[in-house]
Amino acid sequence: MAEEAETFSLREVLVAFTACVSEQREVRVDPYLAGWKGLVRFLNCLGTIFSFISKDAVTKIEIIENYRNSDQRDKYLTVQSMVEYELANGLVDLQKRSEHPNSGCRTFLRLHRALHWLQMFLEGLRTGEDNSKTSVICSETYDASLANHHPWIIRKAAGVAFCVLPTRNTFLETMNVGTAEEAVAMLGDALPYICEVYKITEELYAQHKLLDLP
Ligand SMILES: CCCCCCCCCCCCC/C=C/[C@@H](O)[C@H](COP(=O)(O)O)NC(=O)CCCCCCCCCCCCCCC
């Protein structure tokens, strides 16, 4: 675990998200998944108490990766092409999960909601006081975002896991980007890209009324 922590750098994760938006303002699926995979590696370094979260994220990443490795891989190149393809071919359960329980659209939506939390969490870390508690930043941003989509039992387990998070400065140093100040600067550079990815996806899902997919 320690070795994994040493090789992890937040830089590679953030670089992946900066590569997500194409010139046509489309969201590329491969760098998006690469970004999430990096985040999962980081989460695994924080302790086994987070395993239930990383397992769920991995399951969702793999569902979409399988589409990217299938005969229909080109349809899943961008979020825009995925939405167009799945909707045109009736591959999305719109009211309740039945024939297509793991559509790309509903799976991606779960990661998209988590990206909203990530965006707020990283902003909270960036602007927080030196001695502020990561656990507080994490639970406040979780309550304001993802928690609204989770049942009580998940919210409870997440709340327990957040308690073990180290202080803000230790957390920033774990990112392996340099000093806490350097990590803060890196967050400032990268956050606009994450916000842009989130915004484009949110608009696309809203336009197609997909924000509440079961
Ligand atoms: C730094 C501490 C990390 C705290 C992570 C906060 C997010 C908490 C998410 C709790 C999810 C619990 C697991 C189960 C979730 C599912 O029920 C639920 C719904 O799925 P379903 O409709 O298929 O049932 N799934 C989801 O909402 C997707 C959750 C994906 C979470 C990925 C979180 C990865 C976090 C990576 C953190 C990295 C920290 C970054 C700092 C540089």
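Residues numbered from 1 in each chain as written. Predicted model: local features only at pLDDT ≥ 70, side-chain atom pairs only at ≥ 80, totals over all residues. Heavy atoms only, no water.

## Overview of the overall build of the chain
Here is step 1: A count of helices and strands for the chain gives 10 helices and 0 strands.
Here is step 2: Helices and strands in the chain line up, N terminus first, as α-α-α-α-α-α-α-α-α-α.
Here is step 3: What you see for the chain is a C-alpha radius of gyration of 17 Å, in line with the 17 Å of a compact globule of 214 residues.
Here is step 4: Counting only C-alpha atoms, the chain reaches 50 × 40 × 30 Å along its principal axes.
Here is step 5: Per-residue burial for the chain yields a buried fraction of 45% across its 214 residues.
Here is step 6: Residue pairs in contact within the chain that sit at least 24 positions apart in sequence constitute 70% of those at least 6 positions apart. (Helix = DSSP H or I, 4+ residues; strand = E, 2+ residues; numbered from the N terminus. Rg over C-alpha atoms; globule rule 2.2 N^0.38 Å. Buried < 20%, exposed > 50% of the residue type's maximum accessible area, 1.4 Å probe, protein only. Contact = heavy atoms within 4.5 Å.)

## Describing the nonpolar core
Here is step 1: If you look at the biggest cluster of nonpolar residues, it comprises 63 residues, and the most contacted ones within it are Tyr32 and Tyr205.
Here is step 2: With 13 residues, helix H10 (residues 180-207) is the largest single contributor of residues to this core.
Here is step 3: Leave out the neighbours within four places in its chain, and Tyr32 touches Phe17, Cys20, Val27, Phe108, Leu111, His112, Leu115 and Val197. (Core = buried A, V, L, I, M, F, W, Y, C linked by side-chain atoms within 4.5 Å.)

## Things to note about the side chain of Ser103
Here is step 1: Mapped onto the elements of the fold, Ser103 is located in the loop between helix H5 (79-88) and helix H6 (104-127).
Here is step 2: A distance of 3.1 Å separates the side chain of Ser103 from the backbone nitrogen of Arg106, its partner in a polar contact.
Here is step 3: Beyond its immediate sequence surroundings of up to four residues, Ser103 is in contact with Tyr67, Glu86, Leu91 and Val92. (Polar contact = N/O pair within 3.5 Å; in protein donor to acceptor, adjacent residues only side chain to side chain.)

## A short note on the packing of H6 against H10
Here is step 1: Where H6 meets H10, the closest approach of the two axes is 9 Å, and the angle between their N-to-C directions is 150°. By crossing handedness, the relation of H6 to H10 is classed as left-handed.
Here is step 2: Residue composition of the contact of H6 with H10, by class: 15 nonpolar, 6 polar and 3 charged. (Axes fitted to C-alpha atoms, helices over the stretch in contact; angles between N-to-C directions. Left-handed = near helix turned anticlockwise from the far one by under 90°. Nonpolar A, V, L, I, M, F, W, Y, C, P; charged D, E, K, R; others polar.)

## Describing unusual backbone geometry
Here is step 1: Positive phi values are uncommon outside glycine, yet Arg25 reaches one of about 60°.
Here is step 2: With respect to the helices, strands and loops of the structure, Arg25 is situated in the loop between helix H2 (10-18) and helix H3 (29-45).
Here is step 3: The phi dihedral of Lys209 falls on the positive side, at around 55°, and the residue is not glycine.

## Some remarks on a nonpolar patch on the surface
Here is step 1: Taken together, the side chains of Phe52, Trp152, Ile153 and Ile154 present a nonpolar region at the surface, about 410 Å² in accessible area.
Here is step 2: With 3 residues, helix H8 (residues 152-162) is the single largest residue contributor to the nonpolar patch.
Here is step 3: Structurally, Phe52 can be placed in helix H4 (residues 51-68). (Patch = residues over 30% accessible without salt bridge, like charges linked within 9 Å, V, L, I, M, F, W, Y side chains within 5 Å. Areas by Shrake-Rupley, 256 points an atom, 1.4 Å probe, with all protein chains shown as cover. Salt bridge = Lys/Arg side-chain N within 4 Å of Asp/Glu carboxyl O.)

## Here's the deal with H5
Here is step 1: The complete set of buried residues in H5 reads Val79, Gln80, Met82, Val83, Tyr85 and Glu86.
Here is step 2: Residues of H5 that are buried make contact with H3, H4, H6 and H10.
Here is step 3: Among the residues trailing H5, Gly90 stands out with phi positive, at a value near 60°.

## Examining the side chain of Arg113
Here is step 1: Relative to the assigned elements, Arg113 resides in helix H6.
Here is step 2: Buried charge without a salt bridge: Arg113, with Asp212 as the nearest opposite-charge side chain at an N-O distance of 4.7 Å.
Here is step 3: Contacts of Arg113, omitting those with residues within four sequence positions, involve Leu146, His149, Leu211, Asp212 and Leu213. (Lys, Arg positive; Asp, Glu negative; His and termini not counted.)

## With respect to the UniProt feature "domain: Glycolipid transfer protein" (unreviewed entry) in the chain
Here is step 1: The positions UniProt marks with the feature "domain: Glycolipid transfer protein" (unreviewed entry) are residues 27-176.
Here is step 2: For residues 27-176, the end-to-end C-alpha separation is 27 Å, with 65% helix and 0% strand making up the annotated structure. (UniProt positions renumbered as here; feature names shortened; annotations may be inferred.)

## Looking at the site of the ligand
Here is step 1: Of all residues adjacent to the ligand, which total 26 residues, the nearest are Asp56, Lys60, Arg106, Arg110 and His150.
Here is step 2: Interatomic distance of 2.9 Å between a side-chain N/O atom of Lys60 and an oxygen atom of the ligand.
Here is step 3: Between Arg106 and the ligand, the recorded distance is 2.9 Å, taken from a side-chain N or O atom to an oxygen atom.
Here is step 4: In isolation the ligand has 930 Å² of accessible area, and contact with the protein removes 91% of it. (Near = heavy atom within 4 Å.)

## Comments concerning the packing of aromatic side chains
Here is step 1: Taken as a whole and assessed by the stated rule, the structure comprises 9 aromatic pairs.
Here is step 2: Ring centres 5.5 Å apart and planes at 85° place the aromatic pair Phe42 and Phe171 in the edge-to-face group. Here Phe42, found in helix H3, pairs with Phe171, found in helix H9 (residues 168-174); they are 129 residues apart in sequence, far enough to count as distant. Each member of the pair, Phe42 as well as Phe171, is classed as buried.
Here is step 3: One aromatic cluster in this structure is built from Phe17, Tyr32, Trp36 and Phe108. (Phe/Tyr/Trp six-rings, centres within 6.5 Å; stacked < 30°, edge-to-face > 60°.)

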